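# Descriptive structure summary
Here's the letter readout for the chains.
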Amino acid sequence: MKINWGTGIVLAFIGFISFILFFVVRMSMDHKANHDLVTENYYRAELGYQNEIDAENNAHAKEVDLKLETTDKGLKLVFPKNLDLENIKGTVSLYRPSNKHVDFDLPVSLSQDYLLIPDKRLLDGRWDIKVYWEYKGEIYLFKKKITYHDNK
């Protein structure tokens, strides 16, 4: 039996569509492919994004940026020395994109000009750090993405 070119084109289309549908069905049924949003409250977080931009710009404009140092005891968040430590309040959020079960928050309470995040709380790998802090009624934000490696 001889196949003409019209039949060949139709068979090629049917083969291509079947190939694409096979992969769509396979990926939608695969439980290993996690299709969840990165954060549970994605839309609520998106609404607060302008506040984040304002707080970050506030930190740059007033020159009160934090510094992040890696030590053998963990991560050290260094606050500017010219600030009164008793008036600084806030939270440090550490977010692990690859595993939400190791995310954690720490309150900012300072007796020295730095806050130490202990090494035992940090796994090697990528971390997103956000420090929301308030000083004399002004809100500031420090954000940084790091790859942490244990120095021991």
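Everything below is about the structure shown above.
All of the points below concern the structure found in this document. (Residues numbered from 1 in each chain as written. Predicted model: local features only at pLDDT ≥ 70, side-chain atom pairs only at ≥ 80, totals over all residues. Heavy atoms only, no water.)

## Examining the sheet that holds strand β1 (residues 67–71)
Let me state the cut-off plainly: By definition, two strands form a pair when at least two bridges between them are found by DSSP. Only runs of H or I of at least four residues qualify as helices and only runs of E of at least two qualify as strands under DSSP, and these elements are numbered from the N terminus. Axis definition: a line fit to C-alpha positions, over the contact stretch in the case of helices; interaxial angles, taken between N-to-C directions, run 0 to 180 degrees.
Sheet architecture is open: 3 strands sit in the order β1-β2-β5, paired in antiparallel fashion. The two strands at the open ends of the sheet, each matched to only one other strand, are β1 and β5 (114–118). The sheet shows a mean angle of 20° between the axes of neighbouring strands, taken without regard to direction. One ladder, built from 5 bridges, connects β1 with strand β2 (residues 74–78); its direction is antiparallel. Note on β2: the bridge partner recorded for Thr 70 is Leu 75.

## Considering the packing of aromatic side chains
Applicable threshold: A pair of Phe, Tyr and Trp rings is counted when the ring centres sit within 6.5 Å of each other, with Trp represented by its six-membered ring. The angle between the planes then sorts it: under 30 degrees is stacked, over 60 is edge-to-face, the rest tilted. Burial status follows relative accessibility: with a 1.4 Å probe on protein chains alone, a residue under 20% of its type maximum counts as buried, one over 50% as exposed, and anything between as partly exposed. By definition here, charges over rings are those cases where NZ of Lys or CZ of Arg is within 6 Å of the ring centre and within 35 degrees of the ring normal.
The full count for this structure, using the stated rule, is 5 aromatic pairs. Look at Phe 22 and Phe 23: their rings are 5.1 Å apart centre to centre, the planes differ by 70°, and that puts the pair in the edge-to-face class. Aromatic side chains Phe 79 and Trp 133 sit 5.3 Å apart centroid to centroid with 85° between the ring planes, which places their arrangement in the edge-to-face category. Residue Phe 79 is found in the loop between β2 and β3 (88–95), and its partner Trp 133 is found in strand β6 (residues 125–135); the two are separated by 54 residues along the sequence. Take Phe 79 and Trp 133: they sit in the same class, and that class is buried. The ring of Tyr 114 has Lys 76 sitting right over it, with the charged end atom 4.4 Å from the ring centre. Directly above the aromatic system of Phe 104 lies the positively charged group of Arg 121, at a separation of 3.9 Å from the ring centroid.

By themselves these figures say nothing about function.
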